[in-house]
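Here's the letter readout for the chains.
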Amino acid sequence: MTYAITQTCCNDATCVAVCPVNCIHPTPDEPDFGRTEMLYIDPKSCIDCGACADACPVDAIFPADSLTVGQEPYAALNAAYYEQRGPRPAPADGPTFHAWGAPSFARSLPSDFGPIRVAVVGTGPAGMYAAEDLLLHTTAEVTLVDRLPLAGGLVRYGVAPDHPATKRIGDAFARFHTHPRVRMYLGVDVGTDVTAEELAAHHDAVVYAVGAATDRRLGIPGEDRTASVSATAFVAWYNAHPEVAPDAIDLSGAERVVVVGTGNVALDVARILVSDPGTLAATDIADHALAALRASAVREVVLLARRGPEDVSCTAPELLALGRLPGVRMVVDDHDPRVWAAVEAAAPHEKAALLGGAVRERVDWSERPGTERRIVFRFHSAPEEILDGAVRVTGEGEPAEIPAGLVLRAVGYRGLPVAGLPFDEATGTVPHENGRVEGRPGTYVVGWIKRGPSGGIGANRTCAAETVGTLLADAVDGVLPVPAGSARAFDRLARGRARTVVDARGLAAIERAERARGEESGRPRVKLGTLPDLVAAARGRRRLLR
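Keep in mind it's a predicted model, so treat the numbers as computed, not measured.

Draft legend 1. Looking closely at the packing of helix α18 (residues 504-521) against helix α19 (residues 531-538). Packing of α18 against α19 leaves a shortest axis separation of 7 Å and a crossing angle of 110°. In terms of their interaxial angle, α18 and α19 are classed as roughly perpendicular. Contacts from Gly506, Ala509, Ile510, Ala513 and Glu514 of α18 reach α19 at Leu534, Ala537 and Ala538. The residue inventory of the contact of α18 with α19, partitioned by class, reads six nonpolar, one polar and one charged.

Here is the structure:
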């Protein structure tokens, strides 16, 4: 029996490395790697050894014969990839099962290559993949810096709480927090507490992995109304980000919410809004968000898309899962003849085909949402203006007004300028060459601040490999600036400047405190949602346990 990769695939290719028969594709050396929505197991080549399932950091791989009802379509999704890919080469004879290419040693360093000191700014997936690469393949000493008093980045504050398997990638990163060659400075803001120049002066190299911290704008009237909120803020709110107030989102008067966009983030917020709060109570969702959702009047979420279902921007696994959300009906607004025609014309492997099971309905927006919970896709409808209690949209025929108590803008993330570094306003990224920052020797970027907000968690692994490869090549060539300050001098500088510095021991204390709070209420953890609470927990004090 074959194995199948399911919805929570992180795409970091850990499974590829352990497969003895090369049945998982695309591999990192294939052109499609990083371009597909997930990795796929070839059912005709899989030998049922289970090595991939053991290695998977997010528990996304299962035997096809033990998939749950909600997971069963992923077996067909895996097989469909190979049907589209074309015939596979016949396996080679002999015990190796497949032909091996020439050996490659991407991290081959001179035997006398000494330790270098590298600062990594940001402890999300991009930063931790870079740190992992350095720690596993070199003798580098790594300084982890983050402006928040705890680590995690996108894993903690970007992954939806009802995706606990995806969050497990954080456990793989956490093993490096206590590595003997790692020093942690959490709660230190580069640009405020220490300058980019000061950080560089105490390290051979600095890698910035600061992500894309804000949202793209719609550029339409009414975008800044009170009831218009960015999806980035909404995601941070339900994930207990300490910089987003518990009362930042008001759901009390919203029966219908319009979400502009159809990407994975748009689907995340739509799903959270209509999910059963009783189910969410078993996750690490923020206490204030859970209370607001319990009291919420939201019964309908409208996903607004400028283009048709053939161009939906979410991934197939997320769309597939949305259609199987318990107690929620998925509807496609049949206001435009192009919409359902595209659904019916879609090939089985195309995302539009996944909408074939949705209810086809011409929605009357003059009517209030009913008692059932539902998600409505409204295609070929561009937002023109956000009004008081409605969204004006354009498309085929006359403009329509969709009443809404809340509008969430989910049209993409955008990077912010990094103090002391060049910045491209058009792309929201730091200009670079293979990760090397232009005009700043010894300075590098990785992740979304490098390539823009594209790709999931696993895409950062290959992104980090490129950046670290560039950094090491520069080190071997002797072009890295010689640091003027020592590690001890930086320790004094950081602790003297930052009001609170949390290290690996403090981070572990926060972890224990949150898990203890979770045990009290039967949850995996209850997150501490304010900076004072996090710092108090790091210091071993019980400041506030709500």
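Draft legend 2. Summary view of the sheet that holds strand β18 (residues 400-403). Strand order across the open sheet formed by three strands is β16-β17-β18, with antiparallel pairing between neighbours. The open sheet has two edge strands with one neighbour each: β16 (382-387) and β18. Strand-to-strand twist across the sheet, computed as the mean angle between neighbouring axes with direction ignored, equals 30°.

Draft legend 3. Molecular detail of the sheet that holds strand β12 (residues 300-304). One open sheet holds the seven strands; their spatial order is β10-β19-β11-β12-β15-β13-β14, and the pairing between them is parallel. Each having just a single partner strand, β10 (228-230) and β14 (359-361) make up the two edges of the open sheet. Pairwise comparison of adjacent strand axes, ignoring direction, gives a mean angle of 25° for this sheet. Bridge count between strand β11 (residues 256-260) and strand β19 (residues 406-409): four bridges; the pairing is parallel. Within β19, the position partnered with Val259 by the bridge is Leu408. Its contacts with the sheet place helix α9 (residues 231-238) against β10 and β19, and it is angled at close to 75° to β10. Along the sheet, helix α10 (residues 264-274) contacts β11, β12, β13 (328-333), β15 (373-378) and β19; its crossing angle with β12, the most-contacted strand, is approximately 170°.

Draft legend 4. Structural context of the pairing of β11. In terms of burial, β11 is a largely internal element, five of the five residues being buried. Of the two faces of β11, the one carrying Arg256, Val258 and Val260 and the one carrying Val257 and Val259 are both buried. Direction of pairing for β11 relative to β12: parallel, over a ladder of five bridges. Each residue of the ladder has a partner; that of Val257, found in β12, is Val301.

Conventions used here
- Residues numbered from 1 in each chain as written.
- Predicted model: local features only at pLDDT ≥ 70, side-chain atom pairs only at ≥ 80, totals over all residues.
- Heavy atoms only, no water.
- Axes fitted to C-alpha atoms, helices over the stretch in contact; angles between N-to-C directions.
- Helix = DSSP H or I, 4+ residues; strand = E, 2+ residues; numbered from the N terminus.
- Parallel < 35°, antiparallel > 145°, perpendicular 65-115°, else oblique.
- Contact = heavy atoms within 4.5 Å.
- Nonpolar A, V, L, I, M, F, W, Y, C, P; charged D, E, K, R; others polar.
- Pairing = 2+ DSSP bridges.
- Buried < 20%, exposed > 50% of the residue type's maximum accessible area, 1.4 Å probe, protein only.

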